Amino acid sequence: MATVKVDKNNFKSDVLDASEPVVVDFWAEWCGPCKMIGPSLEEISTELAGKVKITKLNIDENPELAAQFGVRSIPTLMIFKGGEVADIKVGALPKTALSHWIGGNV
């Protein structure tokens, strides 16, 4: 399963109302570290299919959601469980660290 693009139109249904844990990657097109972790998130999405949903939210296209969740630096990754933020990581991490963090939260 590939990462899912979320925005203000589907954030509630795809993230807040999801039955499984959801990772939201707050990113922007111009952000080098964001682009660096993108392929790792795609791989983790496939490896953990059925256990967690990994989504990407472009902060330039959805500034109100970035502000609502207090995103001040990108990449910011948030894990949502039951519509609530369960954990947050800020900054680019290697795939092993991302896998460990996500796996420990699902």
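Reference entry: report on the structure contained in this document. For clarity, every value in this text was computed on a predicted model and none was experimentally measured.

Right, let's get into the overall build of the protein. Helix and strand content of the protein: four helices and five strands. Computed over C-alpha atoms, the radius of gyration of the protein comes to 12 Å, within 12% of the 13 Å expected from 2.2 N^0.38 for 106 residues, which places it in the range of a compact globule. When the backbone C-alpha atoms are referred to their principal axes, the protein occupies close to 30 × 30 × 20 Å. The 106 residues of the protein split such that 45% are buried. For the protein, the computed accessible surface area is about 5400 Å², with 54% contributed by carbon and sulfur atoms. Each charge class in the protein can be summarised by its mean position, and for the 11 positive and 14 negative side chains these summaries are 3 Å apart.

Our focus in this paragraph is helix H4 (residues 95-103). Within H4 the residues assigned to the buried category are Leu98, Trp101 and Ile102. On an axial view of H4, the arc spanned by its buried residues comes to 95 degrees, and they lie on one face. Looking at H4, the residues exposed on the side facing more than 90 degrees away from the buried face are Thr96 and His100. In this structure, the buried residues of H4 make contact with strand E2 (22-27), helix H2 (32-47), strand E3 (53-58), strand E4 (76-81) and strand E5 (84-90).

The rules behind these values
- Residues numbered from 1 in each chain as written.
- Predicted model: local features only at pLDDT ≥ 70, side-chain atom pairs only at ≥ 80, totals over all residues.
- Heavy atoms only, no water.
- Helix = DSSP H or I, 4+ residues; strand = E, 2+ residues; numbered from the N terminus.
- Rg over C-alpha atoms; globule rule 2.2 N^0.38 Å.
- Buried < 20%, exposed > 50% of the residue type's maximum accessible area, 1.4 Å probe, protein only.
- Areas by Shrake-Rupley, 256 points an atom, 1.4 Å probe, with all protein chains shown as cover.
- Lys, Arg positive; Asp, Glu negative; His and termini not counted.
- Charge placed at Lys NZ, Arg CZ, Asp CG, Glu CD.
- Arc of directions from axis to C-beta.
- Contact = heavy atoms within 4.5 Å.

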